[in-house]
Amino acid sequence: MDAIYFTILIICYLVSEKLAIRIMLSATWIFWVGLIILAGVGTALWIMRRCKQTHQRFTELEENNRSLTGRLAQSNQQVLALHQNVLAISSDLELSSLLPAIVERAAKLLHTPFGGLYLIEPESSQLQLAVVYNIPEQYLGSTLSFGEGLSGRVAASGELMMVEDHTAWDGSAQVYQGGPFRRVLAVPLKTKHGILGVLNFSDDQRTGLFREEEVRLATLFADQAAMAIENARLFDAAQRELNDRRRVEQDLQQRRNYLEHLSVITQTALQVDDFAELLQLLADRLGQTIGADGCYITLWDAAEQCVIPAAAYGPMRETYSQSKVDPKELSLTASVLQSRKVIAVEDVFNSPYISPAIAARFPSSSLLGLPLISNGELLGAALISFHQRHCFSAFEISMGEQAAGQIALAIYKARLLEELQRLVVIDDLTGIYNFRGLKEVGQRELDRALRFGRPLSAIFFDIDQFRNINNRYSHAAGNLVLQAIIRQVLQNLRAVDVVARFGGEEFVVLVPEAELAEAVGVAER
């Protein structure tokens with residue numbers, strides 16, 4: 001443009017010097033005006049270019065903002081979901097419900113169709129698939145060694161691992177070969193005390209690696225799940241310890257009560273003199289000690305080989321001692337005495353130890369037979385009864401055995417004392433009352449006769465020339481004579497009459513309810 005301007009200027013100067021000067025003056029003005037215009041245009045172009053760049057920058061920032069907003073919203077949703085899942089599993093202290101909840105929530109958190117939870121077995125140093133979510137049941141309970149398969153490697157290393165396509169992975173455990181699993185993420189469940197297990201996330205459609213945010217989310221959830229499992233285990237251990245302590249306290253209280261009852265049984269045996277009363281008290285105490293519906297004490301007649309009902313606790317308390325037991329029918333008393341062992345019968349109508357005919361006479365469904373044996377002597381049995389079917393515990397059997405030992409000892413001592421008392425008032429040779437017995441029985445009969453105004457007669461007799469028999473034939477022969485005479489006398493007396501040996505060959509017969517004439521008739525017989 002400058003070349004064109006100078007060319008025009010030279011031409012004008014050649015034509016006219018004044019014209020050239022004018023043109024030069026006008027050209028200077030035009031130049032500055034053009035220069036200003038050019039500067040304005042350049043500025044406008046620069047401003048337009050900067051505006052375009054600014055617009056593009058704002059557009060990029062807006063797109064980035066939208067992307068960041070979306071990612072933040074997604075992250076917030078994930079954090080919220082993680083928070084809700086953590087709250088849910090942290091509040092559950094029951095392992096039976098906690099473990100399935102962990103696996104299901106983990107799979108849903110990462111939107112994977114499958115989930116599984118391996119737990120480490122400390123005793124065997126193996127992993128066992130304890131819980132599955134949508135995984136075929138055939139895999140439940142599968143075990144892996146440390147370093148075997150994906151979960152075994154994670155348990156051994158303590159670091160998470162993932163596989164893009166499990167079907168093509170050559171490190172798969174044999175149990176999972178041919179399975180429906182594609183991409184798999186395995187995360188260790190770690191606490192400060194070590195690794196509890198491995199949490200698996202798997203997919204049967206998608207392949208490839210899990211995204212970074214998915215891995216981060218899975219790791220955070222696994223950490224919380226491990227804490228929840230450890231807390232649940234601690235709670236379970238505390239509950240078991242508490243329950244064990246309660247059971248121990250209950251057992252101690254039960255044993256304390258039992259010992260108190262046993263002490264009462266012992267005191268009863270020492271304080272009660274009447275044998276029938278003793279048996280009744282023992283039946284009551286034993287039934288109360290066991291907490292049974294009934295208790296029966298039987299005596300054993302060794303000579304007749306039969307059972308004698310003696311006393312009962314429960315609904316048959318008033319009638320049991322008058323009942324009879326057919327010796328041809330098998331009784332539980334005979335069974336326990338024959339075996340000399342405790343016999344527990346849960347169903348009395350289906351037992352080889354008791355006849356159904358005998359069982360039908362009692363309101364019992366279950367019986368515990370306790371032999372009463374002392375110093376080798378078969379005394380009878382104590383039978384613990386429950387109206388409903390009852391499974392006797394080891395503690396009940398043990399209590400029954402100890403109580404039966406005390407009862408047997410009490411019966412044995414009572415019988416021994418009874419025998420001693422009998423020997424004190426009974427003549428050894430003839431088996432009738434001696435002089436001491438005559439005094440006791442005679443006083444009782446005399447008091448009764450005076451109280452009711454009834455007659456009472458007494459007959460005195462002796463054996464003539466008895467001394468000569470002893471001297472001629474010996475005292476042994478004399479004893480035989482005494483025994484024969486007493487047998488003859490007893491055959492001619494009533495059951496209510498009393499015969500006593502007054503001394504030597506002298507005897508007394510007390511005849512209650514007999515006037516003199518009737519007593520003379522008795523004496524003559």
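The structure presented is a predicted model; accordingly, all values stated were derived computationally and were not measured.

## Describing the overall build of the chain
Per the secondary structure count, the chain includes 13 helices and 14 strands. Counting only residues that meet the buried cut, the chain has 38% of its 525 residues in that class. Look at the contacts in the chain between residues 6 or more apart in sequence, and 57% of them connect residues 24 or more apart. Of the roughly 31100 Å² of accessible surface on the chain, a fraction of 55% belongs to carbon and sulfur atoms.

## Digging into the nonpolar core
Ranked by internal contacts, the top residues of the largest apolar core, which has 30 residues, are L279, L286, I297, L372, I384 and I411. Looking at this core, the elements that each hand over two or more residues are α6 (275–290), β7 (294–301), β8 (306–313), β10 (366–374), β11 (377–386) and α9 (394–425). Broken down by element, the residue count for this core peaks at nine residues, all from α9.

## Examining the pattern of salt bridges
In this structure the tally under the stated criterion is 16 salt bridges. Ionic pairing is found between R211 and E213, a salt bridge with its closest N-O pair at 2.8 Å. What makes E213 partly exposed here is its relative accessible area of 28%. The shortest N-O distance in the salt bridge between E214 and R211 comes to 3.4 Å. The class of E214 is buried, set by a relative accessible area of 7%. Through salt bridges with shared partners, a single ionic network connects R183, D203, R211, E213 and E214.

## Some details on the pairing of strand β1 (residues 114–121)
With seven of eight residues buried, β1 is to be regarded as a mostly interior element. Strand direction decides the pairing type here: β1 and strand β6 (residues 194–202), joined by six bridges, are antiparallel. By the bridge assignment, G115 is partnered in β6 with F201. Direction of pairing for β1 relative to strand β2 (residues 126–133): antiparallel, over a ladder of seven bridges.

## Things to note about helix α12 (residues 475–491)
For α12, built from 17 residues, the straight-helix expectation of 24 Å at 1.5 Å per residue is met to within 8% by its first-to-last C-alpha distance of 25 Å. Among the residues making up α12, those that are buried are G478, L482, I486 and V489. An end-on view of α12 places all buried positions within 75 degrees of arc, on one side of the element. Opposite the buried face of α12, at more than 90 degrees from it, the exposed residues are A476, L480, R487 and Q491. Structurally, α12 contributes buried residues whose contacts are with β12 (456–462), α11 (466–473), β13 (498–503) and β14 (506–512).

## A word on helix α4 (residues 149–157)
Burial in α4 covers these residues: G149, L150, S151, G152, V154 and A155. On its buried face, α4 sits against β1, β2, β3 (143–145), β4 (161–163), β5 (184–191) and β6. G158, located one to two residues past α4, shows a positive phi value of around 80 degrees.

## Side note on empty space enclosed by the protein
If you walk through the whole model with that rule in mind, you get two cavities of 30 Å³ or more. Quantified by volume, the largest cavity comes out at close to 190 Å³. Broken down by secondary-structure element, the contributors of at least two residues to the lining of the largest cavity are β1, α4 and β6. Here the lining of the largest cavity takes three residues from α4, the largest share from any one element. Here the lining of the largest cavity is built from residues that sort into nine nonpolar, six polar and no charged.

## Let's talk about the sheet that holds β11
Judged by pairing direction, the sheet is antiparallel, and its five strands sit side by side in the order β8-β7-β11-β10-β9 without closing on themselves. In this open sheet, the two strands that pair with only one neighbour each are β8 and β9 (343–345). Averaged over neighbouring strand pairs, the angle between their axes works out to 20 degrees when direction is ignored. Contacts from helix α7 (residues 332–339) reach β7, β8, β9, β10 and β11 within the one sheet, and its direction differs from that of β10 by about 50 degrees.

## Considerations on unusual backbone geometry
Even without being glycine, Q305 reaches a positive phi, approximately 55 degrees. Looking at the element boundaries, Q305 is found in the loop between β7 and β8. Although it is not a glycine, N375 adopts a positive phi angle of roughly 55 degrees. Summarising the element assignment, N375 is placed in the loop between β10 and β11.

## Details of the packing of aromatic side chains
If you walk through the whole model with that rule in mind, you get 11 aromatic pairs. Considering the side-chain rings of Y139 and Y176, the 5.2 Å spacing of their centres and the 20 degrees angle between planes classify their relative orientation as stacked. One end of the pair, Y139, is in the loop between β2 and β3; the other, Y176, is in the loop between β4 and β5, and 37 residues separate them in sequence. Linked through ring pairs, F114, Y139, Y176 and F181 together constitute an aromatic cluster. Positioned over the ring face of F210 is R183, at 3.9 Å from the centre of the ring.

## Examining the packing of α11 against α12
Relative to each other, α11 and α12 sit at 140 degrees, their axes nearing to 6 Å. In this view, α11 runs oblique relative to α12, as classed from their interaxial angle. Within the contact between the two elements, α11 uses F466, I469, N470 and Y473 and α12 uses H475, A477, G478, V481 and L482. Here the residues of the contact of α11 with α12 sort into six nonpolar, three polar and no charged.

## What to know about the confidence of the model for the chain
Residues at a pLDDT of 70 or more form 82% of the chain, whose mean pLDDT is 81. Mean pLDDT values over the elements of the chain span from 53, in helix α1 (residues 2–15), up to 93, in β9.

What counts, and where the lines are drawn
Numbers given to residues run from 1 along each chain, matching the order in which its sequence is written. Restriction of local features to residues with pLDDT of at least 70 applies here, the model being predicted, together with a cutoff of 80 or more for giving and counting side-chain atom pairs; totals for whole chains, interfaces and linings are based on all residues. For side-chain calculations, the full set of non-hydrogen atoms in the structure is used, while hydrogens and water are omitted. Only DSSP runs of H or I with at least four residues qualify as helices, and only runs of E with at least two residues qualify as strands; both kinds are numbered from the N terminus onward. To sort residues, take the accessible area from a 1.4 Å probe on protein chains only and compare it with the maximum for the residue type: under 20% means buried, over 50% means exposed, and anything in between is partly exposed. Should any heavy atoms of two residues lie within 4.5 Å, those residues are considered in contact. Surface accessibility in these figures is a Shrake-Rupley result with a 1.4 Å probe; residues are shielded only by whichever protein chains are displayed. In this text, buried Ala, Val, Leu, Ile, Met, Phe, Trp, Tyr and Cys residues form a nonpolar core when linked through side-chain atoms within 4.5 Å. Any carboxyl oxygen of Asp or Glu within 4 Å of a side-chain nitrogen of Lys or Arg constitutes a salt bridge here. Criterion used throughout: strands pair if DSSP finds at least two bridges between them. What a helix should span is 1.5 Å times the count of its residues minus one. As used here, the arc belongs to the directions running from the helix axis to the C-beta atoms. Points on a 1 Å grid, built from protein atoms alone, make a cavity when a 1.4 Å probe fits but cannot get out and make a pocket when they are open with protein on both sides within 12 Å along at least 5 of 7 lines; residues with an atom within 4 Å of a point are the lining residues. Grid points are joined across faces, edges and corners, and a volume is the space filled by probe spheres set on the points. Charged residues are taken to be Asp, Glu, Lys and Arg, nonpolar residues to be Ala, Val, Leu, Ile, Met, Phe, Trp, Tyr, Cys and Pro, and polar residues to be all remaining types, Gly included. Angles run from 0 to 180 degrees between N-to-C directions of axes, and those axes are lines fitted to C-alpha atoms, restricted for helices to the stretch in contact. For this analysis, a ring pair means two rings from Phe, Tyr or Trp (six-membered ring only for Trp) whose centres lie within 6.5 Å, classed as stacked if their planes differ by under 30 degrees, edge-to-face if by over 60, and tilted for the remaining angles. In our convention, an over-ring charge means Lys NZ or Arg CZ found within 6 Å of a ring centre and within 35 degrees of that ring's normal. Working rule for angles: under 35 degrees goes down as roughly parallel, over 145 as roughly antiparallel, 65 to 115 as roughly perpendicular, anything else as oblique. Every residue is assigned a pLDDT by the predictor, reflecting its confidence on a scale from 0 to 100.

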